[in-house]
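Chains, contacts and geometry: an overview
Residues per chain are reported as follows:
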Amino acid sequence: MTTPADITHRIHTSSRQRVLGYLARSWPLYFMLIPGIILLLIFNYYPMYGIRIAFQDYNPGLGFERSPWVGLKNFRFLMLLPQFKELLRNTLVLAVSKIVVLQFTAIILALLLNEIRVRVFKRIVNQILYLPYFLSWVVLAGILLDMMSSNGLIGRFLNSLGIPSFIFLGNAKFFPYTIVVSHVWKDVGFSTIIYLAALTGIDPTLYEAAAVDGADRLQRLRHITLPGIAPTIVLIGCLGLGGILDAGFDQVLNLYNPAVYATGDILDTYVYRAGLISARYSLAAAVGLFKSGIGFILINVAYWMASKFASYRVF
Amino acid sequence: MIEEKNWFSRFFDVFNYVVLVLIACLCILPLIHIIAVSFSSTAPSMGGFVTFWPIGFTMENYTRVIGAAAFHQSFLISLERTILGTAINLSLIVLVAYPLSKSSQEFKGRTIFLWIFLFAMMFNGGLIPTFLVVRKLGLIDSIWSLILPGAVQIWSIFLMMNFFRDLPKEIEEAALMDGASHWQILFYIFLPLSLPALATLALFAAVGHWNAWFDGAIYMTKAANYPLQTFLRTIVVQLDLSRLGVDPRDLAQLSNRSVKASQIIVTIIPILLVYPFLQRYFISGIRLGSVKG
């Protein structure tokens, strides 16, 4: 005779067996994650916990735990900081102009390259274009600093045209152009490849049909090519929004100097100087939190827009 | 494709080739200039006479750079971090991507783990807290400070996860029927099938390690521990040669334009060596990134 107790007993054993059976087979899945999760906890999540120093007067001797709380003092100080508006403006101006100019250049280049019929030529140009992408900003800045120095290549070239040169990298008005142009130099090959990939995705029969209907090159460009890469443009635009506070720390730190802080100093470089040069950890952490907080919202908006307008998913 | 021979089309083709040649030149000439300077003797390069061809050709700048002990040291540190760092990056990519590529039924708790990684990709503690953690762990002046903080490459993990998910399910199911464990499926089935993807991620990780300079600048207090890019930065960008602790005679040499240029070239040679491979995997890397796009 089976009593209710027996049944519950049996259910329990069978569910326990199921769990054991599942674990016997699937424990490696959990085991494999252990090293990654531990590193993530130490080097990603523990620093997130450390953000609390933005609300403290951090003292290295006392650590994250025991440094005294000061509430919003660091943030209030930040808002009153005369540079703060400038930092924010420089960051936005540099980031937005970099995205816009780079994408515009890349689209043009991709369209030009797409019209090239000689394969070898196309490949060589491509390979030259994306070489700088694989070089570090230290290397590229080293080259630029040499070329833009007082008797550097660029100054000499301008002089030979009768244009007086000036100290490019010491001129605050000129500095944003240096940043945008050198950014295009480094990244245009990569961005061009993305658009070229989108262009090869366009159905060639569309072009043949259009040619049969008497569409000339410009008309085919307007009615087939551009609509064909429009989703990619929208996608890059949406995702670009997430990086609108990233004006390029590596690049700016290697190219700027105190003479161009008025237009070149950005949030990230300020965090670096305040925190690691002047050891004002809490203030720097507050600026960092301000940036990563807004950045987090922006990235989520960006992903949301990208999934809505370009049906993009990370996975 | 379509052949058209009206005058506009012809004019455009010529114009197109000319523009692209000019742009390609603009892109590569700075490098050629630096190469020319690096092979020029001191006087013409300091005087600013070198353009795209060496003046007073000499190999001396290179022998000086390569002969310097500080260069040797930092070159070896960079080599070590690139090899060790890439190996660790790849192991973690594979080990994390495999479980996450399973469905929630096969792998209970997948969603939670996925979010742990996703959140860490979207939000971070920022420079200062991260620096303080690395310092607190006693990693300052240790090679591990260059490897461990960025060891988990979350974006690459997601790319690999997508790649694993796109592998045909039937192979795995057949292996399961034969009683294969997850380890066996991963190492004998998944990994051999994903070698091209792994090669792509490995190349990008290696180039990232080779090119990294900022972590070396903040986590290393002694110049003797600088990786090559950080060392290069103190010479060509920061002009803070006092930190390097070299003797004054060498100092004058290091600030020599030609020597700086050869220093830059030597630093990018490893990149140039893998460039043919980079190119091959470049496009596939972008495709990998747009799987599920």
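Residues numbered from 1 in each chain as written. Chains lettered and ligands numbered in written order. Predicted model: local features only at pLDDT ≥ 70, side-chain atom pairs only at ≥ 80, totals over all residues.

Along the backbone of chain A there are 14 helices and zero strands. Moving toward the C terminus, one meets the helices and strands of chain A in the order α-α-α-α-α-α-α-α-α-α-α-α-α-α. The globule rule puts the C-alpha radius of gyration for 315 residues at 20 Å, and the 28 Å found for chain A is more than 25% above it. Dimensions of chain A, computed from C-alpha atoms along their principal axes, come out at roughly 105 × 70 × 30 Å. Within the span of chain A, comprising 315 residues, buried residues form 37% of the whole. Of the contacts formed within chain A by residues at least 6 apart in sequence, a portion of 70% connects residues at least 24 apart. (Helix = DSSP H or I, 4+ residues; strand = E, 2+ residues; numbered from the N terminus. Rg over C-alpha atoms; globule rule 2.2 N^0.38 Å. Buried ≥ 20, exposed ≤ 12 C-beta atoms within 10 Å, placed from the backbone. Contact = placed C-beta atoms within 7 Å.)

Let's shift gears to the overall build of chain B. Secondary structure assignment for chain B yields 15 helices and zero strands. For chain B, restricting intrachain contacts to residue pairs at least 6 apart in sequence, the fraction spanning at least 24 positions comes to 69%.

Soluble, globular proteins show a tendency: their nonpolar side chains are buried together. By size, the foremost hydrophobic cluster in this structure holds 132 residues, and its most contacted members are Val271(A), Ala285(A), Val287(A), Ala97(B), Ile157(B), Met160(B) and Ile264(B). The biggest single contributor to this core is helix H8 (residues 175-200) of chain A, with 11 residues. Leave out the neighbours within four places in its chain, and Val271(A) touches Ala284(A), Val287(A), Gly288(A), Leu127(B) and Ile128(B). Membership of the second largest hydrophobic core comes to six residues, among which are Leu235(A), Cys238(A), Ile299(A) and Ala306(A). (Core = buried A, V, L, I, M, F, W, Y, C linked by C-beta atoms within 7 Å.)

Attention shifts here to the interface of chain A and chain B. Every contact between the two is made by 71 residues of chain A and, on the other side, 74 residues of chain B. The element that contributes the greatest number of residues to the side of chain A that touches chain B is helix H1 (residues 4-49) of chain A, accounting for 16 residues. Residue classes in the side of chain A that touches chain B are distributed as 51 nonpolar, 13 polar and seven charged. (Nonpolar A, V, L, I, M, F, W, Y, C, P; charged D, E, K, R; others polar.)

Residue and element names in this part refer to chain B. Per the domain assignment, the segments of chain B are domain 1 (7-58) and domain 2 (65-289). Here the C-alpha centroids of domain 1 and domain 2 sit 33 Å apart. On the side of domain 2, seven residues touch domain 1, which itself brings eight residues to the contact. Contributions of two or more residues to the side of domain 1 that touches domain 2 are made by helix H1 (7-38) and helix H2 (42-47). In terms of residues, the side of domain 1 that touches domain 2 owes the most to one element, H1, which gives four residues. Taken together, the residues of the side of domain 1 that touches domain 2 break down into four nonpolar, four polar and no charged. (Domains from an automatic or database assignment.)

With eight of 11 residues buried, helix H13 (residues 267-277) of chain A lies mostly within the body of the structure. What H13(A) keeps buried is the set Leu267(A), Asp268(A), Thr269(A), Tyr270(A), Val271(A), Tyr272(A), Ala274(A) and Gly275(A). Where H13(A) is buried, its residues contact helix H4 (82-114), helix H11 (249-255) and helix H14 (281-310) of chain A together with helix H6 (127-136) of chain B. Phi for Ala279(A), located one or two positions after H13(A), is positive at around 55°.

Attention shifts here to the packing of helix H10 (residues 217-241) of chain A against H14(A). All names here are of chain A. Between H10 and H14, the least distance of the axes is 7 Å, while the angle of their chain directions is 165°. Taken together, the axes of H10 and H14 are roughly antiparallel relative to one another. Seen along the crossing, H10 lies across H14 with a hand that is right-handed. Packed against H10, whose contacting residues are Pro-231, Val-234, Leu-235, Cys-238, Leu-239 and Leu-241, the element H14 presents Leu-298, Val-301, Ala-302, Met-305, Ala-306, Phe-309 and Ala-310 at the interface. (Axes fitted to C-alpha atoms, helices over the stretch in contact; angles between N-to-C directions. Parallel < 35°, antiparallel > 145°, perpendicular 65-115°, else oblique. Left-handed = near helix turned anticlockwise from the far one by under 90°.)

Where helix H5 (residues 119-129) of chain A meets H1(B), the closest approach of the two axes is 9 Å, and the angle between their N-to-C directions is 30°. Considering their axes alone, H5(A) and H1(B) lie roughly parallel with respect to each other. Judged by the sense of rotation from one axis to the other, the crossing of H5(A) with H1(B) is left-handed. Listed contacts from H1(B) to Val125(A), Ile128(A) and Leu129(A) of H5(A) are Leu20(B), Ala24(B), Cys27(B) and Ile28(B). In terms of residue class, the contact of H5(A) with H1(B) is made up of seven nonpolar, no polar and no charged.

With that settled, consider the environment of Arg10(B). All names here are of chain B. In this structure, Arg-10 sits in helix H1. Accessibility expressed as a C-beta count within 10 Å gives 11 for Arg-10, which makes it exposed. Separated by 54 residues in sequence, Arg-10 and Arg-64 place their C-alpha atoms 52 Å apart.

All right, on to unusual backbone geometry then. You will see that Ala279(A), though not glycine, has its phi angle at about 55°, which is positive. Backbone geometry places Asp141(B), a non-glycine residue, at a positive phi of 65°. Relative to the helices and strands, Asp141(B) is located in the loop between H6 and helix H7 (144-147). Owing to 12 C-beta atoms within 10 Å, Asp141(B) belongs among the exposed residues under this scheme.

Moving on, we come to the environment of Ala24(A). You can see Ala24(A) is positioned in helix H1. Distance from Ala24(A) to Asp250(A), taken between C-alpha atoms, is 48 Å for residues 226 residues apart in sequence.

This part covers the confidence of the model for chain B. Residue and element names in this part refer to chain B. Chain-level pLDDT for chain B is 88 on average; 89% of the residues reach the 70-or-more range. Mean pLDDT across the secondary structure elements of chain B bottoms out at helix H14 (residues 248-254), with 58, and peaks at H7, with 97. This complex was scored by the predictor with a pTM of 0.90 and an ipTM of 0.90. (pLDDT = per-residue confidence, 0-100.)

Let's shift gears to the environment of Ile55(B). Residues and elements named next belong to chain B. Residue position: Ile-55 is located in the loop between H2 and helix H3 (60-67). Sequence separation between Ile-55 and Leu-193 is 138 residues, and the spatial gap between their C-alpha atoms is 52 Å. When neighbours within four sequence positions are excluded, Ile-55 is seen to be in contact with Ser-40, Pro-44, Phe-49 and Val-50.

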